[in-house]
Amino acid sequence: MTATDRAPAQATQRFVLRQLIAAEWAAGIFGLRLFMACVAIATFMMGAVWALGDGLSTMLGRGGATFLGGDVAVTMTNVPLSEETRDAIAGLGVLSEVAELRSSAQFEDGRAAVEVKGVDALYPLYGSVRVGSARDLADVLAEEGAHPGAVVEPSLLARTGAEVGDVFRLGDRTFTIADTLILEPDRLSAGRFMVGPRVLVRLDVLQDSGLIQRGSLAEYRYRVKDEAGAPELLVEAVRALRPDYGWEFETPSDAGDVVLRTVDRTTTFLGMAGIAAFAIGLSGAWAAAKAWVRRRARTIALYRLSGATPGMVLALHAAIMAMASAAGLALGLAASAAVAAPLLEAITAWLNVAWSAADVLTQLLSVAGIFAIGLIGAGLLALSGAARIAPGAAMRSGDAPLRADPRHASIAVGFLTASLAAAALSLPIPGLAGLATLGLGVAVGLLTLAAGALARLVARRRPRSFIGGVVVQSLGDTGNTATRAIAVGIGIFGVTAIVAAQSSLTRALTDEIPDRAPALVLLDVQPAQVAAIEDRIERDPGLSGLQSSPFMRMTLTAVNGVPVEQALIRQDKSWVIEGDRSFAWSAEPTGAELLAGDWWAPDYSGPPLISPEEDLMEAFDLKVGDTMTYSVLGRSFTSEVVNIRKEYHRTMRPEFLMLASPDPFRGAPHTWIMSLQGENDIAVDSLIRDLAADYPNITAIDARRIVAQLRDVISGATFASFLIAALLVVAGALSLAALVASDVDSRRQEALVFSLVGASRREVAIARLTEAAAIGLIAAVIGGLTGGVGGYFAVTAALRIDWQPGLAALILPVALGIAASVAAGIVGGLGAAPRGRGQLIRQLTG
Amino acid sequence: MALVLDLADGAQRAQAAPAETVVSLTQARLSYPSPEGEVSVLRGIDIQLAAGEITAVTGPSGSGKSSLIAVIGGLEKATGGDVDVLGVDLNQASESVRTNLRRRDIGIVFQSFHLIPAMTAVQNAALPMVLAGETEAETAAARMLDRVGLGHRLTHRPSALSGGEQQRVAIARAFAASPRLVLADEPTGNLDQATGDEVVRVMFDLVRETGASMLLVTHDPALAEKCDRTIAIDSGLVRT
Ligand SMILES: Nc1ncnc2c1ncn2[C@@H]1O[C@H](COP(=O)(O)OP(=O)(O)OP(=O)(O)O)[C@@H](O)[C@H]1O
Ligand SMILES: [Mg+2]
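Note that the coordinates shown come from a computational prediction; the quantities given were computed from them, not determined experimentally.

Calculation rules
- Along each chain, residues carry numbers from 1 onward, in the same order as the chain's sequence is written.
- Throughout, the order in which chains and ligands are written sets their labels, letters from A for the former and numbers from 1 for the latter.
- Side-chain atom pairs in this predicted model are given and counted only at pLDDT of 80 or more, local residue features only at pLDDT of at least 70, and totals for whole chains, interfaces and linings cover all residues.
- As a rule here, side-chain values come from all non-hydrogen atoms in the structure, and water together with hydrogens is ignored.
- Segments assigned H or I by DSSP are reported as helices when at least four residues long, segments assigned E as strands when at least two residues long, and all are numbered from the N terminus.
- Contacts are assigned to residue pairs with any non-hydrogen atoms lying within 4.5 Å of each other.
- For every accessible area listed, the method is Shrake-Rupley and the probe measures 1.4 Å; residues are considered covered only by the protein chains on display.
- Residue exposure (1.4 Å probe, protein chains only): buried if accessible area is under 20% of the type maximum, exposed if over 50%, otherwise partly exposed.
- Counted as a polar contact is a pair of N or O atoms within 3.5 Å, where, for protein atoms, one must be capable of donating a hydrogen and the other of accepting one, and residues adjacent in sequence contribute only when both atoms are in side chains.
- Buried area: the accessible area, evaluated with a 1.4 Å probe, that two parts lose upon being put together, summed over both parts.
- Any Lys or Arg side-chain nitrogen located within 4 Å of an Asp or Glu carboxyl oxygen qualifies as a salt bridge.
- Residue polarity is assigned by list, with Asp, Glu, Lys and Arg as charged and Ala, Val, Leu, Ile, Met, Phe, Trp, Tyr, Cys and Pro as nonpolar; anything else, Gly included, falls into the polar class.
- The predictor's confidence in any single residue is recorded as pLDDT, a number from 0 to 100.
- In this text, buried Ala, Val, Leu, Ile, Met, Phe, Trp, Tyr and Cys residues form a nonpolar core when linked through side-chain atoms within 4.5 Å.
- An automatic or database domain assignment is the source of the domain bounds shown.
- Throughout this document, a residue counts as near a molecule or strand when at least one of its heavy atoms sits within 4 Å of that molecule or strand.
- Classification of ring pairs rests on two measures: the distance between centres of Phe, Tyr or Trp rings, Trp counted by its six-membered ring, which must be within 6.5 Å, and the angle between planes, read as stacked under 30 degrees, edge-to-face over 60 and tilted in between.
- For a lysine, the NZ atom is tested; for an arginine, the CZ atom; a charge sits over a ring if that atom is within 6 Å of the ring centre and within 35 degrees of the ring normal.
- Any two strands between which DSSP finds at least two bridges are classified as paired.

**Notes on the overall build of chain B**
No. 1: Secondary structure summary: chain B contains 8 helices and 10 strands in total.
No. 2: Expressed as a percentage of contacts within chain B between residues at least 6 apart in sequence, the contacts between residues at least 24 apart total 70%.
No. 3: Of the roughly 9,600 Å² of accessible surface on chain B, a fraction of 49% belongs to carbon and sulfur atoms.

**Details of the side chain of Glu-100 of chain A**
Residues and elements named next belong to chain A.
No. 1: When you line up the elements, Glu-100 lands in strand S2 (residues 94-107).
No. 2: Using a relative accessible area of 1% as the deciding quantity, one classes Glu-100 as buried.
No. 3: Polar contacts involving the side chain of Glu-100 include one to the side chain of Arg-221, which spans 3.0 Å.

**Describing the interface of chain B and chain A**
Often the size quoted for an interface is simply the accessible area lost on bringing the parts together.
No. 1: Between chain B and chain A, the contact holds 32 residues from the first and 29 residues from the second.
No. 2: Buried surface at the junction of chain B and chain A, summed over both partners, amounts to about 2,900 Å²; 63% is from carbon and sulfur atoms.
No. 3: Applying the counting criterion to the chain B and chain A interface returns 1 salt bridge.
No. 4: Residue Glu-763 of chain A pairs with Arg-103 of chain B through a salt bridge whose shortest N-O separation is 2.4 Å.
No. 5: In this assembly, chain B and chain A are joined by 4 residue pairs in polar contact (both at pLDDT 80 or more).
No. 6: Those elements that provide at least two residues to the side of chain B that touches chain A are strand S1 (21-32), helix H2 (65-72), helix H3 (95-104), helix H4 (121-131) and helix H6 (163-176) of chain B.
No. 7: With 4 residues, the single largest contributor to the side of chain B that touches chain A is H4 of chain B.
No. 8: Each residue belonging to the side of chain B that touches chain A can be placed in one class, and the counts come to 17 nonpolar, 9 polar and 6 charged.

**Points about the confidence of the model for chain A**
No. 1: Of all residues in chain A, 87% have pLDDT values of 70 or greater, and the mean over the chain is 80.
No. 2: Low pLDDT, under 50, characterises residues 1-5 of chain A; the stretch is placed with 8 contacts to residues that sit more than four places away or in other chains.

**Section: the nonpolar core**
No. 1: Phe-35, Phe-269, Phe-371, Phe-466 and Phe-754 of chain A together with Leu-145 and Phe-175 of chain B are the most contacted members of the largest nonpolar core, which totals 172 residues.
No. 2: With 18 residues, the top contributor of residues to this core is helix H9 (residues 257-295) of chain A.
No. 3: Both domains that furnish three or more residues to this core are identified here as domain 1 (29-66 + 260-428) and domain 3 (430-515 + 711-846) of chain A.
No. 4: Ignoring any residue separated from it by four or fewer positions in sequence, one finds Phe-35 of chain A in contact with Ala-285, Ala-288, Ala-289, Met-321, Ala-324, Ser-325 and Leu-375 of chain A.
No. 5: Within the second largest apolar cluster, 44 residues are counted, among which are Ala-519, Met-552, Leu-622 and Tyr-630 of chain A.

**Things to note about the site of ligand 1**
No. 1: Near ligand 1 you find 15 residues, and of these Arg-842 of chain A together with Ser-61, Gly-62, Lys-65 and Ser-67 of chain B are the closest.
No. 2: One nitrogen or oxygen atom from the main chain of Gly-64 of chain B is found 2.9 Å from an oxygen atom belonging to ligand 1.
No. 3: Between ligand 1 and Ser-66 of chain B, the relevant distance is 2.8 Å, taken from an oxygen atom to a side-chain nitrogen or oxygen of the residue.
No. 4: When isolated, ligand 1 has an accessible area of 630 Å², and the protein chains bury 74% of it.
No. 5: Considered class by class, the residues forming the shell around ligand 1 number 4 nonpolar, 8 polar and 3 charged.

**Details of the environment of Ser-574 of chain A**
Residues and elements named next belong to chain A.
No. 1: Residue position: Ser-574 is located in the loop between helix H18 (564-567) and strand S14 (581-585).
No. 2: Given the relative accessible area of 18%, Ser-574 is considered buried.
No. 3: When the C-alpha positions of Ser-574 and Leu-616 are compared, they lie 9.7 Å apart, and in sequence the two are 42 residues distant.

**Concerning the packing of aromatic side chains**
Residue and element names in this part refer to chain A.
No. 1: All told, the structure shown has 12 aromatic pairs over all chains when counted by the stated rule.
No. 2: Between Tyr-792 and Phe-793, the aromatic rings sit 5.7 Å apart at their centres with planes inclined by 70°, giving edge-to-face as the arrangement.
No. 3: Its relative accessible area of 36% is what places Tyr-792 among the partly exposed residues.
No. 4: Looking at Phe-793, the relative accessible area reads 42%, which means it is partly exposed.
No. 5: Taken together through their ring pairs, the aromatic side chains of Phe-583, Tyr-630, Phe-637 and Phe-665 make up a single cluster.
No. 6: The ring of Phe-30 has Arg-33 lying over it, and the distance from NZ or CZ to the ring centre is 4.1 Å.
No. 7: Across the ring face of Tyr-126, the terminal group of Lys-225 is positioned such that the distance to the ring centre comes to 5.1 Å.

**What to know about unusual backbone geometry**
No. 1: A cis geometry characterises the amide bond from Tyr-123 of chain A onward to Pro-124 of chain A, with omega recorded as -10°.
No. 2: Along the chain, Pro-124 of chain A falls in the loop between strand S3 (110-119) and strand S4 (130-131).
No. 3: The step from Asp-663 of chain A to Pro-664 of chain A runs through a cis peptide bond, and the omega angle for that step is 0°.
No. 4: Among the secondary structure elements, Pro-664 of chain A is positioned in the loop between strand S20 (658-660) and strand S21 (671-678).
No. 5: One non-glycine residue with positive phi stands out, namely Asn-560 of chain A, at about 50°.
No. 6: With respect to the secondary-structure elements, Asn-560 of chain A resides in the loop between strand S12 (543-559) and strand S13 (562-563).
No. 7: Judged by relative accessible area, which is 41%, Asn-560 of chain A ranks as partly exposed.
No. 8: For Leu-86 of chain B, which is not glycine, the phi dihedral falls at a positive 50°.
No. 9: As for its position among the elements, Leu-86 of chain B is in the loop between strand S4 (80-85) and strand S5 (88-89).
No. 10: Accessibility expressed as a relative area gives 5% for Leu-86 of chain B, which makes it buried.

**Some details on the sheet that holds S5 of chain B**
No. 1: Ordered in space as S2-S1-S4-S5 (chain B), the 4 strands form an open sheet in which the pairing is antiparallel. The open sheet is flanked by strand S2 (39-50) and S5 of chain B, the only strands paired with a single partner.

What follows is the structure in C-alpha cells.
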C-alpha cells in the first residue's frame, strides 16, 4: 500500500482497511488460535453451566404455583379437613382437592408398587397434564366404560407388560388403563422420591375404592387458586384459618423442597463455575491477545512506516480480533448448546417439568453478549499498545515496549468491570453474584498489592550476579509483575474455589445416599397382620434385620406451653414444625442410644410419655421433664419428655421424630411399617410375591431399586460437577499457556542478547525460573487463599452445605503455581534461546 | 581435557599458542543442515590473527563472512578443521567454556544492535561484566559509554536512542570487559555515512587503546583500506 500526501478521504480509508483485512485475516486468526481457544472454552463452560443452571432455576422459580398446584396449598395426612374448614377455604378462591397414597396395583400376573393420585374435576389449577394421546385429562378420566379410567406412567406399562386398554385392580376396584401420563405439572409437590410409577384416577372413584381406610397413609392436598388478583391476601386468609390440628401450609416459594434442594445446590455450583470460567477465560484471552500484538510489533511498525495511521492499525487488529472472538464465541456457544440441551432434557424429564428452548437461547445469547463486552475490554487493553508503535520502531527491530494508552486502559477497565458486573447480575442466585464479584475483586486487589510490594522490594536490591540482575530487572517492573501475578492468580483463585466447592458438594450429595439401607419396606400393614408377617420373615433364613413399628403422624403445636413458632431456637431445624412428622408408639425400648433420660417400663400404661429425637432437642433446647403439645389423628396431647434419642442418619429405615408410650395410641386406628434386609435377592423377591398374594392391602417398597436410582442420580451429579471442575482446570491451563506464550515472545530478544554476551542457557533458565517462581508463589498463595476463602463462603453461604474442601483444593493451587513457574521458566529460559546449528547466527544477523 | 578445565578457571591468558597469535584457523569447515542436506558454508579456511591487529573481512553476500564470525566467536561449532581462539581449542571446548570466553575475552558487534529493550543504556553495556561477576560493572560501563560519547544518555532505554547511539551502546558493551578480541559484523551497515564514520573511529580508538585484536566484516572498500590487512572470502574459501 502507498501513503498519500494528504489525508485520504474516509472512503479511501475504509477501502484500504478492507483490503488489509482481506489480506491479513486468515493469518491473523491463525495467530490468535490460543486466544480463540481461551474464548471458546470459557464460553462453552459459561454457556453450558448457565444455560443449565438458569434454565433450571427460572423454570423452577416461574413454575412455583404450577409445582405447588395452586397459589396456596394445605396438606393433611391421614385425615381430611373437616367440612367446615374445607368450606371456609372454598369460599376464598377456586379449590381443587387431590389425595395421594402409595399402594400396589394388581395386574393379571403380578403386582407393582404405585403412587396413586385421585384428582377432582378442577385439577390441575395451574399448568396442564399431558397424556400420551394429547387429550384433556378431564376428558380421559370422565370417559364412561366398563371400569373407571386411570392414566399411568409409561414405566408402569414397561414394568408389568400391560398396555393401554388393559385392566388392573386397586383395592376393591378395577380400573382400565385409559392413557399414559407424559407430564404431571405438580409432581414436585410431593416433595419426595416416588416409590413407584404414578397412577392418576378420579378422586371420587378413589374414595370408594376401599383403599383409603382410616389410618392409611393418605395425603389430602387442598390447593386454592386466587381469583381476586391478590395472591398474598389469599395466602394470609388461608393461613388465618389455621385449625388447631396441624396442617402443612405451603406457598409457591416452598414447593417441592427436597428435590429442589439438590437442583438448587447444583444450580448454585454451576453459577459459580460459570463466573470462574468467565474470569479465567478473559484473563487468558487478554494474555493471548497481548502475545499476538507483541509478535506483530514489527509488522505494525512496517505498516506505520508505510503510512498507516495509528487508528488504522487499531482498526485492522481490532477487526481481526473481533473475527477471532466471534469464531471462539460461536464455537463455545454451539458446544454449550449441544451439551446443555440434552442434559436439560434429561433432568427436566426426571423432575417432570417442561423446559423451553427459548430460555436456553436467551441465556446463551446473554452469555455471548457479556463475554463480548469483556473481550472488548481485554482486546482494547492488548491492542492499545499496538496503536502506539512508532514507525521508527521498524528500524529498531520493532522492539519498542508496548505500553497501553492510559485513556484506552481506563476505557478497557470500564468494559471489563461492566462485563463482570453483568455476569454477576445475571447469575441465577443474586446473593452469589455479590459474593463472586467481591471475591474476584479482593483477589485481584491482593494480587496487585503483593506484586507491587514484591516489585518495590526487589527494585531496591543491587545484585551482583547475572541471575540476580535479570530477576531484579524483570520483577522490578511493577506493572508487568502485577499483570502476570493477576493472570496466574485469577486462574488459581477460580480453580481453588470451584474444586473446594465441588469436593464439598460431592460429599454433601453422597451423604444423602443411605449407607445401611433395608432391602424392603412394607407399608399399610394392618395391626392384625403384623404377627403373621413377622413369623413368615423370621422363619426365612434369607431375611434378617426385621424392624416393625406403628406408623403414625403428629403435628407439634407447643413446647412447655409456648407455641412452636416462638419456641423454635434453631431456624435450620424449622422443618420439625412444618406439617406432620413421623410418630409411633412403643412399649419396649427401641434399641436407640439415649442422650438423656430413661425408657418407660414395658408395662407402663399411664398417660403418654414421649421420647423425642435429637433434632427436636436441638430445635427447642429440650430437656428431660419439659412438656410438648402435639396432635395425633386430630386429637391434642400434652406429654412429658422422659428421654431423648440419638438420631441415626442415612439408614433409610423408618425413623420416628417422636415416640410415645403405648396408651392411648395403640387403640387408635393406624397401620404398621416394617423394614428388613435380605441375604439375597431371591429371598426378598419371594417374600414380595407371598405378601402380594396373601395381603393385597400391603404396599411393598423395594428399597433396593430406590437406593440404586438415588445412587445413579447422585453419582451423575457428582460426575458432572467433577467434570466441570476438571474443565475449569483445563481453562486455567490454557490461560496459563497463553501467558507463557506471551512471555516467550518478549523473552526471545533477551535470550538472544544473553547468548551473545556470554550467558549460558542454564543461567538464563535459572533466572527465568526464579522470576517465574516468585510470581507463581504469590499467585499460588494469594489465589489459593482467596479461592479457599471464597470457596468457603460459597459453600456455606450459597450452597449451605458443610465445608469439605478435600485434599485437591489444597494441592491444586500449589501444583498450578509450580506448573506455571516451571513452564514459564523452561519455555521462557530454555525455549526462547535459539536452538540448532545455524539458528543463533541467523537471528543475530537477521 | 586438563587444558580445558584450566581455562574454565580463567587461567587461559597464560596458556598455549604463541602470544602474538590470538586466532588460528586451520582448514576450518562449517556446514548448515537444510532440507536438501548439508549446506557447506565454510569450506576449509586458514586464518591467523596477531595480537593488536585489525583485520578486515570482505566478500560478496552469502560468501560466509558472518559464519566466520560465528565460528571464531564460539557461537557456532565448526564442523571440521581446527579453531584455536585465545589459546582455546573451540572444537573441543564445552558450551560453558565457549560462553565464558565471550563473557570475558571476546566482544561482538552486529549490524543489528541487539540491546535489551527493558534495560537502560548503562545496564545494557554492563551486561557482560555483570555476567563475569565484576563488582563495579555499572561504573565501568558508564565510563565506557562516556568514552563512546554517550555520557549524557546513561539511563535512556534503547527505544529512546537513535540508531547511531544504540550502536555505540552495543560497542561500549563489546569493549566494556576489556576483551582481547573484538568481532564486528558490518557494524555500520544500519547507519548513515557520517554516523558510521564516527562509530568506526570510536572502535578503532578503543582497539588501539586496549591493544585488542579486531576482525571487522565490511562491504566498504574505504573502511577495509584503513585496516591493517584484508582477508577476502568467496564461496567459503579465503581468496589469495
Ligand atoms: N541456518 C542456515 N541453514 C542453511 N543455510 C544457511 C544458514 N545460515 C546461513 N546459510 C547460508 O550460508 C551462506 C553464508 O551465510 P553468511 O550469513 O555467513 O553470509 P555473509 O557472507 O555474511 O553474507 P552477507 O554479506 O549477506 O551478510 C549463505 O549462502 C546462507 O544462505
Ligand atoms: Mg553477514
